Amino acid sequence: MSEHNEVLDRGTRPVLTDLEVGTELFTRTYAVDRDRLVRYAGASGDFNPIHYNDRFAADVGLPGVIAHGMLTMGLAGSAVADWAGDPGAVAEYGVRFTRPIQVPDPGAVEVLVVGKVGAVDLGEGSVRVDLTVTSGGATVLAKAQAVVRLG
Amino acid sequence: MTESSTRPTGVDKTLVGRLYAPTETYEVSRVKIAEMAAATGATHPAHTDPDAAWALGYSDVVAPPTFAVVLAQRAEQAYVAAPESGIDFSRVVHAEERFVHHRPIVAGDRLRTTVHVDKIVERGGITLVTTRAEIADDADAPVSTVTSTLAVRGPEK
């Protein structure tokens, strides 16, 4: 049936038994500029002015406007969901925020997300994806791990 | 306020174990899911196209993996922004975040969030405050558990 073929043609669901620990799964780059910060603020409801107001950021001792940590986590989460081929398959996802990302005006900074196989659980039908998330060569998220159900 | 309940950052450690009951029912909309997907660079069609979501077996468009933070952060305000917490939000940075999804969030869900104050510890002049937001649907079935740790700095001398 054509509908079925359409699903198959997306062809993006990884197969658990194909995965080996340590294998690189995907690399994604996201550009973060002030526009993205404002969009994330509106979408998430997090209107802390340190994410859009240079004067406020300086007053609280920051070098400038910084990205929401949850935006960075969200970008890396999107990379996992896109790879999984099913956003609802991401069952667990956790990070530690190690360093704020300063966002220039004008311009943009790049966030690089690399996903590798951390562990495969054939019994649970799931894979742990270990993420390396950097900006300008510095790690911005640590212990970034997602558990994806592929069963 | 007793001296033993406060520390240099002002965070009240006696609130560990406190529970903040839901104050609202949050109805998840297609529009909000699409906004969060766009803001976080998510490109999967199941976020925006009901047909693509149905093809994967969902009743409506599916939320991105960190969508639950919208509900969690709203609910956490009941504790974090309350004067009793002793948290000065201008001295807060986000230290950790973790999601456990018991099932995916989809458009049309009617969700209620209960916030628990799980842990308050001090480490070198910084107070780490861990909250846990338990999100449930209107049948009281668990949907997501969102654990968040804030680092609160002490005031400058």
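On a predicted model such as this, the values are computed, not experimentally measured, just so you know.

Some words on the overall build of chain B
Of regular secondary structure, chain B possesses three helices and six strands. When its helices and strands are written in sequence order, chain B yields β-β-α-α-α-β-β-β-β. Principal axes of the C-alpha set define a box for chain B whose edges measure 60 × 30 × 20 Å. In chain B, the share of contacts with a sequence separation of at least 24, taken over all contacts with a separation of at least 6, comes to 69%.

Observations concerning the overall build of chain A
If you tally the helices and strands in chain A, you get four helices and five strands. Along chain A, helices (α) and strands (β) appear in the sequence α-β-α-α-α-β-β-β-β when read from the amino end. Summarising its shape, the C-alpha atoms of chain A cover approximately 55 × 35 × 25 Å along the three principal directions.

Regarding the interface of chain B and chain A
Contacts between the two partners involve 32 residues from chain B and, on the opposite side, 33 residues from chain A. Take the side of chain B that touches chain A: its biggest share by element is eight residues, from strand β3 (residues 92–101) of chain B. Partitioning the side of chain B that touches chain A into residue classes produces 17 nonpolar, 10 polar and five charged. Of the pairings in the sheet, the one linking strand β2 (residues 90–97) of chain A to β3 of chain B comprises five bridges and is antiparallel in character. Bridging across to β3 of chain B, Glu92 of chain A finds its partner in Val100 of chain B.

So, helix α2 (residues 34–44) of chain A
Given 3.6 residues per turn, any residue in an α-helix points the same way as the ones three and four places further on. Listed in full, the buried residues belonging to α2 of chain A are Arg36, Leu37, Tyr40, Ala43 and Ser44 of chain A. When α2 of chain A is viewed along its axis, its buried side chains cluster within an angular range of 135° and face the same direction. Its buried side turned inward, α2 of chain A meets β1 (24–32) and α4 (69–84) of chain A together with α1 (30–39) and α3 (69–80) of chain B. Phi for Gly45 of chain A, located one or two positions after α2 of chain A, is positive at around 85°.

Re the pairing of β3 of chain B
Pairing of β3 of chain B with strand β6 (residues 142–153) of chain B involves nine bridges; the strand directions are antiparallel. Within the sheet, the bridge partner assigned to Phe99 of chain B lies in β6 of chain B and is Val146 of chain B.

Notes on the nonpolar core
Counting 79 residues, the largest nonpolar core has Ala76, Val80, Leu141 and Val148 of chain A together with Ala68 of chain B as the members making the most contacts within it. For Val80 of chain A, the contacting residues outside a window of four places in its chain are Val90, Gly115, Val129, Ala146 and Val148 of chain A together with Pro65 of chain B.

Remarks on the confidence of the model for chain A
Confidence in the prediction for chain A averages 92 pLDDT; 92% of positions are at 70 or higher. Throughout residues 1–10 of chain A the model reports pLDDT below 50, and contacts reaching past four residues in sequence, or to other chains, amount to two contacts.

Examining the confidence of the model for chain B
Taken over all residues, the pLDDT of chain B has a mean of 93, while the share at 70 or more is 94%. Confidence metrics for the complex model read pTM 0.93 and ipTM 0.93.

Some words on the environment of Val140 of chain A
All names here are of chain A. Assignment of secondary structure puts Val140 in strand β5 (residues 138–149). Taking the C-alpha atoms as reference points, Val140 and Arg99, 41 residues apart in sequence, are found 4.9 Å from one another. If near-sequence neighbours (up to four positions away) are discounted, Val140 is found in contact with Thr72, Thr98, Arg99, Ile101, Val133, Thr134 and Ser135.

Some remarks on the environment of Tyr26 of chain B
Residues and elements named next belong to chain B. Among the secondary structure elements, Tyr26 is positioned in strand β2 (residues 26–27). Judged by the 17 C-beta atoms lying within 10 Å of it, Tyr26 falls in the partly exposed class. With 44 residues separating them along the chain, Tyr26 and Val70 place their C-alpha atoms 9.8 Å apart.

Basis of the calculations
- Residues numbered from 1 in each chain as written.
- Chains lettered and ligands numbered in written order.
- Predicted model: local features only at pLDDT ≥ 70, side-chain atom pairs only at ≥ 80, totals over all residues.
- Helix = DSSP H or I, 4+ residues; strand = E, 2+ residues; numbered from the N terminus.
- Contact = placed C-beta atoms within 7 Å.
- Nonpolar A, V, L, I, M, F, W, Y, C, P; charged D, E, K, R; others polar.
- Pairing = 2+ DSSP bridges.
- Buried ≥ 20, exposed ≤ 12 C-beta atoms within 10 Å, placed from the backbone.
- Arc of directions from axis to C-beta.
- Core = buried A, V, L, I, M, F, W, Y, C linked by C-beta atoms within 7 Å.
- pLDDT = per-residue confidence, 0-100.

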